[in-house]
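Fold and geometry: a report
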Amino acid sequence: MSRTRGGGRHMDERDVRVRARGGSKPRTSKRPVHADAVEGLVTAVDRGRYRCLIDGVPVVAMKARELGRGSIVVGDRVDAVGDLSGRPDTLARIVRVKERRSVLRRTADDTDPVERIIVANADQLAIVCALADPEPQPRFVDRCLVAAYDAGLEPLLCLTKADLGTPDGMVRLYEPLGLPYVVLGPESGLNELTGHLTGHTTVFVGSSGVGKSTLVNRLLPGTERAVGGVNTVTGRGRHTSTSAVALQFGDGWLIDTPGVRSFGLAHIAPEEIVEGFPEIAEAALDCPEECRHRPDSPGCAVQAASAAGTLDADRVASLVRLLNSREGEEEATEH
Ligand SMILES: Nc1nc2c(ncn2[C@@H]2O[C@H](COP(=O)(O)OP(=O)(O)OP(=O)(O)O)[C@@H](O)[C@H]2O)c(=O)[nH]1
Ligand SMILES: [Mg+2]
Ligand SMILES: [Zn+2]
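Okay, so let's go over this structure. (Residues numbered from 1 in each chain as written. Chains lettered and ligands numbered in written order. Predicted model: local features only at pLDDT ≥ 70, side-chain atom pairs only at ≥ 80, totals over all residues. Heavy atoms only, no water.)

1. With respect to the packing of helix 4 (residues 190–197) against helix 5 (residues 212–219)
In plain terms, the rule: Between N-to-C directions, angles cover 0 to 180 degrees, with each direction set by a line fitted to C-alpha atoms, over the stretch in contact for helices. Numbering of helices and strands starts at the N terminus; helices are DSSP runs of H or I of at least 4 residues and strands are runs of E of at least 2. Under this scheme an angle from 65 to 115 degrees is roughly perpendicular, one under 35 degrees roughly parallel, and one over 145 degrees roughly antiparallel; angles in between are oblique. Any two residues whose heavy atoms approach within 4.5 Å are treated as being in contact. All amino acids are sorted into three groups, where Ala, Val, Leu, Ile, Met, Phe, Trp, Tyr, Cys and Pro are nonpolar, Asp, Glu, Lys and Arg are charged, and the leftover types, Gly among them, are polar.
One way to put it is that helix 4 packs onto helix 5 with a least axis distance of 11 Å and a crossing angle of 85 degrees. Between helix 4 and helix 5, the interaxial angle falls into the category roughly perpendicular. Residue-level inspection shows L190, L193, T194 and L197 of helix 4 in contact with helix 5, the latter providing L215, R218 and L219. Split into classes, the residues belonging to the contact of helix 4 with helix 5 amount to 5 nonpolar, 1 polar and 1 charged.

Have a look at this one:
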């Protein structure tokens, strides 16, 4: 499937946050080359401190001033210099951020011009959705799907809490998309999930309380990411995990993220959503300009092909749902 990458033409934090501390000082024209720098991976970000794994050693680093206002996020591959011992109270310096292979972004809502980069360099997006408590939110899943297509990440649907609810409804909705899914109960589904994760860098996203950290803890016994009901002093309402963390999983990575209330898609154009469905994108070439491919869209070639049976009607319905979700319809039902 051909997918659009979230390439460099989007505005991101670097464009917006022009007034970082000390940013007005002229930069030195002669920068050290840091030939001795060592590569590492950013596993967590906390108030201007970056936890990195460098040659297998967890090291805390700060951003070198010469890097200016560019953001560093979990998953970034960086070059660091200075004290790389990882001993308590030592601080290394990140002097370079490597080019990102992918960038997962969201905006606070569909009108917010500021994109937040959640994670860099992932290749898979595990969309975690509980079958009950909280109730499944297809609209949220749709939005995550759009974000995955935009970022060039392979989506994977994780349906959790199978002990509390049936997966039938969600499977009926998402199977037509060809979306791989795993059903997980407290005692089941883990081996199948592991099969999907091995060798990948997977970001777990989903609303608060769907069981992301629980999954990560089960996959990596001994990790002990705080889960809801255990950690009560988060200071952030009912969200248990408050920042993203990357954890090594074989030769891949798992990235647990805090639950988000919404997944704003202001940065993604409708045409890019359609690109996620190659055969529909081709049919859409015959649509009027600005066509939204709805059942009531005049002269819509996609709807015509769907009715004629040359396009899969379920996939067309899914696309229309995604386009509607992009436009923020029934936003109030989301939480
Ligand atoms: N019954 C049942 N409860 C589960 C299951 N998985 C997780 N839970 C419970 O759901 C609650 C929330 O789980 P978490 O893992 O903290 O959820 P989270 O998605 O990490 O939440 P945030 O960090 O706030 O985004 C906890 O009380 C878990 O014990 C499951 O399969 N079945
Ligand atoms: Mg959590
Ligand atoms: Zn159309």
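Here the narrative resumes.
2. Digging into the coordination of the zinc ion (ligand 3)
Defined as follows: Atoms of type N, O and S within 2.8 Å of a metal are treated as its donors, and for Na, K and Ca the window is 3.2 Å; water is not considered, so some sites may appear to be missing partners. Only two sets of limits are used to name each site, 85 to 135 degrees for every angle of a tetrahedral four-donor site, and over 155 degrees for opposite donors with all other angles from 65 to 115 for a square planar four-donor or octahedral six-donor site, with any other site named irregular. Burial classes: relative accessible area under 20% of the type maximum marks a residue as buried, over 50% as exposed, and values in between as partly exposed (1.4 Å probe, protein chains only).
Coordination of the zinc ion (ligand 3) by the protein comes from C287 (SG), C291 (SG), H293 (ND1) and C300 (SG), over a distance range of 2.1 to 2.4 Å. Because the angles between the 4 donor atoms bound to the zinc ion (ligand 3) fall within 103 to 119 degrees, the donor set is best described as tetrahedral. Mapped onto the sequence, the residues coordinating the zinc ion (ligand 3) show the spacing C-x3-C-x1-H-x6-C. C291 sits in the buried class, given a relative accessible area of 13%.

3. Some thoughts on the pairing of strand 6 (residues 103–107)
Going by this rule: Think of it this way: DSSP has to see at least two bridges between two strands before they count as a pair.
With 5 of 5 residues buried, strand 6 is to be regarded as a mostly interior element. What you see with strand 6 is no split at all: V103, R105 and T107 on one side and L104 and R106 on the other are buried throughout. With 5 bridges joining them, strand 6 and strand 7 (residues 115–120) adopt antiparallel strand pairing. For T107, the partnering residue across the bridge sits in strand 7 and is E115.

4. Re empty space enclosed by the protein
What counts, and what does not: In the cavity and pocket records, a cavity denotes points on a 1 Å grid over the protein atoms alone where a 1.4 Å probe fits but cannot get out, a pocket denotes an open set with protein on both sides within 12 Å along at least 5 of 7 lines, and lining residues are residues with an atom within 4 Å of a point. Grid points are joined across faces, edges and corners, and a volume is the space filled by probe spheres set on the points.
Evaluated as defined, the whole model comprises 2 cavities of 30 Å³ or more. Its boundaries defined by the atoms lining it, the largest cavity holds a volume of some 60 Å³. Around the largest cavity, the lining residues are V128, C129, A130, P134, E135, P136, Q137, F140, V141, G206, S207 and V210. Taken together, the elements giving at least two residues each to the lining of the largest cavity come down to strand 8 (124–130) and helix 2 (138–151). Broken down by element, the residue count for the lining of the largest cavity peaks at 3 residues, all from strand 8. Put simply, the second largest cavity is a space of about 50 Å³. For the lining of the second largest cavity, the residue count by class is 4 nonpolar, 3 polar and 2 charged.

5. Quick notes on a nonpolar patch on the surface
What counts here: Within this analysis, patches are made of residues with over 30% relative accessible area and no salt bridge. Like charges are joined at 9 Å or less; nonpolar side chains (Val, Leu, Ile, Met, Phe, Trp, Tyr) at 5 Å or less. Computed with a 1.4 Å probe, the accessible areas rest on the Shrake-Rupley method; for each residue, only the protein chains presented here act as cover. Salt bridge, as used here, is a side-chain nitrogen of Lys or Arg placed within 4 Å of a carboxyl oxygen of Asp or Glu.
Judged by side-chain polarity, V60, M62 and L91 come together as a nonpolar surface patch covering roughly 200 Å² of accessible area. Locating L91 in the fold gives a position in the loop between strand 4 (77–82) and strand 5 (92–97). Residue L91 is classed as partly exposed on the basis of its relative accessible area of 34%.

As far as function goes, none of this settles anything; it's purely spatial.
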